[in-house]
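Each chain, letter by letter, is given below.
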Amino acid sequence: MRLADKVAIISGAASGMGAATARRFGREGARVVVADLLEDDGRSVVAEIEKAGGTAMFQRLDVTEEASWSACVAAAVAAYGRLDILVNNAGISGSATNDLLESGMWDRVMTVNANGVFYGTKYAVEQMRKNGGGSIVNLSSISGVVGQSMVHMAYNASKGAVRTMTKSTAVQFGAEGIRCNSVHPGLMPPMRTSGATADPTVRAKMLKSVPLGRTGEVDEVANAILFLASDEASYVTGAELYVDGGYLAM
Ligand SMILES: NC(=O)c1ccc[n+]([C@@H]2O[C@H](COP(=O)([O-])OP(=O)(O)OC[C@H]3O[C@@H](n4cnc5c(N)ncnc54)[C@H](O)[C@@H]3O)[C@@H](O)[C@H]2O)c1
């Protein structure tokens, strides 16, 4: 098993790519903290992992609150004794508004997608230092590299922040054995909070920019996260891995 005995927190693990990653980590021997605002869905993911023979627990987490992060890391350590992996996956979409210059949207998206990753990193680094290292995987996006129509620029800015925070984390904490990399999904199943980008007509248009000619699957992103989280990526840090069917190569 590729994550035997590792302890992993995955934010936003009640849904989508976070849930897929949690299930995969469970199958690979990790003890998984399914951390999310959504308690019922999160507990369902835990039940699935346990049914498949894995080990997991649910922890309510609001990534925008420092106290919530502190409590989440403390709960992981209380249950499993250490923290080896953090996947900063929780996020909200930038396409849930028709007003691309709405100021409130800027605040909401940056607070969840950028502040949330900073706070998660802060509390994970403090704990990982105590066990001599760890691996942080941040969910950025193709939107962290290029701009897009129909997506509020806060989303691009927040994912760009995640992309460069990843490199800051790699540079600042590498000497303490902490690696940090970003994963950049492309056209995936819509997020719970997606607006225009969930529209089939819009998606068909976006698909024309995907060389592989299809939408990605959540398990394809989970595979990339698994590699970066695991010791197989022991000399990989500060890197960005595109899981986008070639979108950014066009
Ligand atoms: N779906 C896509 O097309 C796509 C593409 C590129 C990148 N991404 C990124 O991948 C990540 C996962 O996206 P997804 O498609 O699985 O979305 P999703 O909407 O299915 O899941 C996001 C999860 O984050 C949780 N969450 C939201 N705000 C939170 C908060 N304040 N505290 C704790 N949890 C919170 C939600 O409850 C949900 O379970 C996000 O960071 C997203 O921006 C998604």
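Rules used throughout
Residues numbered from 1 in each chain as written. Predicted model: local features only at pLDDT ≥ 70, side-chain atom pairs only at ≥ 80, totals over all residues. Heavy atoms only, no water. Phe/Tyr/Trp six-rings, centres within 6.5 Å; stacked < 30°, edge-to-face > 60°. Buried < 20%, exposed > 50% of the residue type's maximum accessible area, 1.4 Å probe, protein only. Core = buried A, V, L, I, M, F, W, Y, C linked by side-chain atoms within 4.5 Å. Helix = DSSP H or I, 4+ residues; strand = E, 2+ residues; numbered from the N terminus. Expected span 1.5 Å × (residues − 1). Arc of directions from axis to C-beta. Contact = heavy atoms within 4.5 Å.

## Description of the packing of aromatic side chains
To describe a pair of aromatic rings, one takes the distance between the centres and the angle between the planes.
Part 1 of the reasoning: For the coordinates displayed, the defined rule picks out 1 aromatic pair.
Part 2 of the reasoning: Between Phe118 and Tyr119 the ring centres are 5.8 Å apart and the planes differ by 55 degrees, which places this aromatic pair in the tilted class.
Part 3 of the reasoning: Looking at Phe118, the relative accessible area reads 44%, which means it is partly exposed.
Part 4 of the reasoning: According to the relative accessible area criterion, Tyr119 is buried, its value standing at 17%.

## Focus: the nonpolar core
Part 1 of the reasoning: Within the largest apolar cluster, 30 residues are counted, with the highest numbers of intra-cluster contacts made by Ala22, Phe25, Val32, Val34, Val183, Val221 and Ile225.
Part 2 of the reasoning: Looking at this core, the elements with two or more residues in it are β1 (7-11), α1 (16-27), β2 (31-36), α2 (39-51), β3 (55-60), β4 (85-88), β5 (134-139) and α7 (218-229).
Part 3 of the reasoning: Take this core: its biggest share by element is 6 residues, from α7.
Part 4 of the reasoning: In this structure, Tyr80, Leu86, Val112 and Met128 belong to the second largest nonpolar core, which totals 26 residues.

## Looking at α2
Residues three or four positions apart in an α-helix share a direction because the helix packs 3.6 residues into each turn.
Part 1 of the reasoning: Taking 1.5 Å of rise per residue, the 13 residues of α2 would be expected to cover 18 Å, and the 18 Å separating its terminal C-alpha atoms lies within 8% of that figure.
Part 2 of the reasoning: Of all the residues in α2, the buried ones are Gly42, Val45, Val46 and Ile49. Within α2, the buried residues cover an arc of 100 degrees as seen down the axis, which keeps them to one side. The exposed set on the far side of α2, more than 90 degrees from its buried face, consists of Asp40 and Lys51.
Part 3 of the reasoning: The inward-facing, buried residues of α2 contact α1, β2 and β3.
Part 4 of the reasoning: Phi turns positive, to about 95 degrees, at Gly53, one or two residues after α2.

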